[in-house]
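What follows is each chain in one-letter form.
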Amino acid sequence: MALINENYLKLQAGYLFPEIGRRVNDFIAANPDKKVIKMGIGDVTQPLVPSVVKAFHEGVEEMAKGETFKGYGPEQGYAFLREAIAKHSYQDKGVNISAGEIFISDGSKCDTGNIQEIFGNDNKIAICDPVYPVYADTTVMSGKTGTCQTNGYYENIVYMPCTKDNGFIPELPTETPDLIFLCYPNNPTGTVASKEELKKWVDYAIEKNAIILYDAAYEAFIQDDSIPRSIYEIEGARKVAIEFRSFSKTAGFTGTRCAFTVIPDDLVAFDKSGKAHPVKPLWNRRQSTKFNGVSYPVQKAAAAIFTEEGKKEVSEVIAYYMENARIMKESLANAGYEVFGGENAPYIWVKTKNGMKSWEFFDKVLTEANVVGTPGSGFGPSGEGYFRFSAFADRENVLEAMDRIKNMN
């Protein structure tokens, strides 16, 4: 008799974004004459920049010739891309990360979910609330939790509420975790963490022998130079942190798929006897066993982001989305909403009016304004009463959506 992984039965409802898609598709089917503007899922709308497209074509052409054809590539990623990342994303900014500590992947969503495979099921996981759903769901899938309680929290997860009262920055947990998920700039709230804030977490992880799983997928959208883009800007972080980054939002690779994970040589975890083991070889073994790497043309395209022309082109796209965020934040505030985020992140976090529940507001915005956002409660119980809008949209649609919302009843 084939047995299922019963941890999947603990998961509550469907994954957030497919549920949004289902509701939107039902509305469109019932209202085919309505133009629906989608600002919910954080999918980009601007095309790949010319430097990336040129490199992509070159990579494909190389695959068509015997003398330049590439078969299986190195599971860790091609050296030319890892070296470009190490130089431009870290070393040029004074951060000590080498190419050998970088692993190329097909998405930080995959990596933040898969990383738990190399850590034992006795680990206690800490996550923020609200937060990107993948952290909690994959913790449940991996068997590290009990069942979901009536308050929406799973047993054996350490939840760290992020509310207006604490500026959407979590307090250090009183119950000691072993693995700590942090995401800055934050999805969904758009909050950023100062160097002082991150130093507090690094010191805590050192004291507790914990590891920080640091999702920096939106670091390219930081506008304030005083805000760290990498946790490795913090002294001691190499000993306690894994960093995840993505080209999806930074350079429009949501449909192209390329990202990377950084695991420093200094990082160790422990077996049950207390013996320390380096973490990087464990992830290398996992990737070598289960992953054959990102395709050569995609990696060649990703490397073009780090050329002078590529940097300029990508920065222009980021500026476009951040101008969207500025317009949205200003428009929603003028419409009487309390608004957060949108200054160093491409997400706008909105407080609903009159105590309206998140999914109620979703239905209201969809039916009255024909605009799609993301209900805050889908990111965790502390997100109830909030709503997320994504700035990854065409400018024309942003202006029209904001005008429609302003005119809602």
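Up top you'll find the structure we're talking about.
Each value, and the rule that gives it
- Residues numbered from 1 in each chain as written.
- Predicted model: local features only at pLDDT ≥ 70, side-chain atom pairs only at ≥ 80, totals over all residues.
- Heavy atoms only, no water.
- Helix = DSSP H or I, 4+ residues; strand = E, 2+ residues; numbered from the N terminus.
- Rg over C-alpha atoms; globule rule 2.2 N^0.38 Å.
- Buried < 20%, exposed > 50% of the residue type's maximum accessible area, 1.4 Å probe, protein only.
- Contact = heavy atoms within 4.5 Å.
- Areas by Shrake-Rupley, 256 points an atom, 1.4 Å probe, with all protein chains shown as cover.
- Lys, Arg positive; Asp, Glu negative; His and termini not counted.
- Charge placed at Lys NZ, Arg CZ, Asp CG, Glu CD.
- Salt bridge = Lys/Arg side-chain N within 4 Å of Asp/Glu carboxyl O.
- Pairing = 2+ DSSP bridges.
- Axes fitted to C-alpha atoms, helices over the stretch in contact; angles between N-to-C directions.
- Core = buried A, V, L, I, M, F, W, Y, C linked by side-chain atoms within 4.5 Å.
- Polar contact = N/O pair within 3.5 Å; in protein donor to acceptor, adjacent residues only side chain to side chain.
- Phe/Tyr/Trp six-rings, centres within 6.5 Å; stacked < 30°, edge-to-face > 60°.
- Lys NZ or Arg CZ within 6 Å of the ring centre and 35° of its normal.

S.K.: Is there a simple way to explain the overall build of the chain in this structure?
M.R.: Along its length, the chain carries 12 helices and 15 strands. Its C-alpha radius of gyration of 21 Å places the chain within 12% of the 22 Å reference for a compact globule of 409 residues. Overall, the C-alpha framework of the chain stretches about 60 × 55 × 55 Å when taken along its three principal axes. Across the 409 residues in the chain, those meeting the buried criterion constitute 55%. Of the contacts made within the chain by residues no fewer than 6 positions apart, 72% connect residues no fewer than 24 positions apart. When the accessible area of the chain is evaluated, it comes to approximately 17800 Å², of which 50% is carbon and sulfur surface. For the chain, the centre of its 45 positive side-chain charges and the centre of its 54 negative side-chain charges are spaced 1 Å apart.

S.K.: Looking at this model, I keep getting lost on the pattern of salt bridges. Mind explaining?
M.R.: Where charged atoms from two side chains of opposite charge approach closely, those side chains can pair. Evaluated as defined, the whole model comprises 31 salt bridges. Arg 23 is the partner of Glu 19 in a salt bridge, and the nearest nitrogen-oxygen pair spans 2.9 Å. Of this pair, Glu 19 and Arg 23 both sit in helix H1 (residues 16-30), 4 residues apart, which is roughly one turn of that helix. Its relative accessible area of 25% is what places Arg 23 among the partly exposed residues. Taking the shortest distance from any N to any O, the salt bridge between Glu 219 and Arg 229 comes out at 3.4 Å. Highlighted residues: Glu 219 in the loop between strand S6 (211-215) and strand S7 (241-246) and Arg 229 in the loop between S6 and S7, separated in sequence by 10 residues.

S.K.: What's the story with the sheet that holds S7 in this structure? I'm lost.
M.R.: Taking strand neighbours across the sheet as the criterion, the 7 strands line up as S2-S8-S7-S6-S5-S3-S4 in an open arrangement whose pairing is mixed. With one partner strand each, in any of the chains shown, strand S2 (102-105) and strand S4 (157-161) form the two edges of the open sheet. Averaged over neighbouring strand pairs, the angle between their axes works out to 20° when direction is ignored. Pairing analysis gives 4 bridges linking S2 to strand S8 (residues 259-262), with the strands arranged antiparallel. Within the sheet, the bridge partner assigned to Ile 102 lies in S8 and is Val 262.

S.K.: Help me understand the nonpolar core, please; the structure alone is not making it clear to me.
M.R.: A general tendency of soluble globular proteins is for nonpolar side chains to be buried together. Grouped together as the largest cluster of nonpolar side chains are 132 residues, with contacts concentrated most on Ile 242, Phe 253, Phe 389 and Ile 405. Looking at this core element by element, the count peaks at 9 residues for helix H10 (residues 308-334). Aside from chain neighbours lying at most four places away, what touches Ile 242 is Ile 115, Phe 119, Ile 211, Ile 212, Leu 213, Tyr 214, Tyr 232, Thr 261, Val 262, Ile 263, Leu 267 and Val 279.

S.K.: How should the side chain of Thr 139 be read in this particular structure?
M.R.: The residue Thr 139 is located in helix H5 (residues 133-141) in this model. Its relative accessible area of 1% is what places Thr 139 among the buried residues. One polar contact links the side chain of Thr 139 to the main-chain carbonyl oxygen of Tyr 135, over a distance of 2.7 Å. Aside from chain neighbours lying at most four places away, what touches Thr 139 is Gln 116, Ile 125, Lys 144, Thr 145, Ile 157 and Phe 181.

S.K.: It is not clear to me how the packing of aromatic side chains should be interpreted in this structure. Could you clarify?
M.R.: In this description, an aromatic ring pair is defined by two values, namely the gap between the centres and the angle between the planes. One pass over the full model with this rule turns up 27 aromatic pairs. The interplanar angle of 80° and the centroid separation of 4.9 Å between the aromatic rings of Tyr 321 and Phe 392 together place this pair among those described as edge-to-face. Linking Tyr 321 in helix H10 with Phe 392 in the loop between strand S15 (386-390) and helix H12 (395-406), this pair joins segments that are 71 residues apart in sequence. In terms of burial, Tyr 321 and Phe 392 fall into one category: buried. In this structure an aromatic cluster arises from ring pairing among Tyr 218, Phe 221, Tyr 320, Tyr 321, Tyr 347 and Phe 392. In this structure, Arg 23 is placed above the aromatic ring of Trp 359, and the distance from its NZ or CZ to the ring centre is 4.0 Å.

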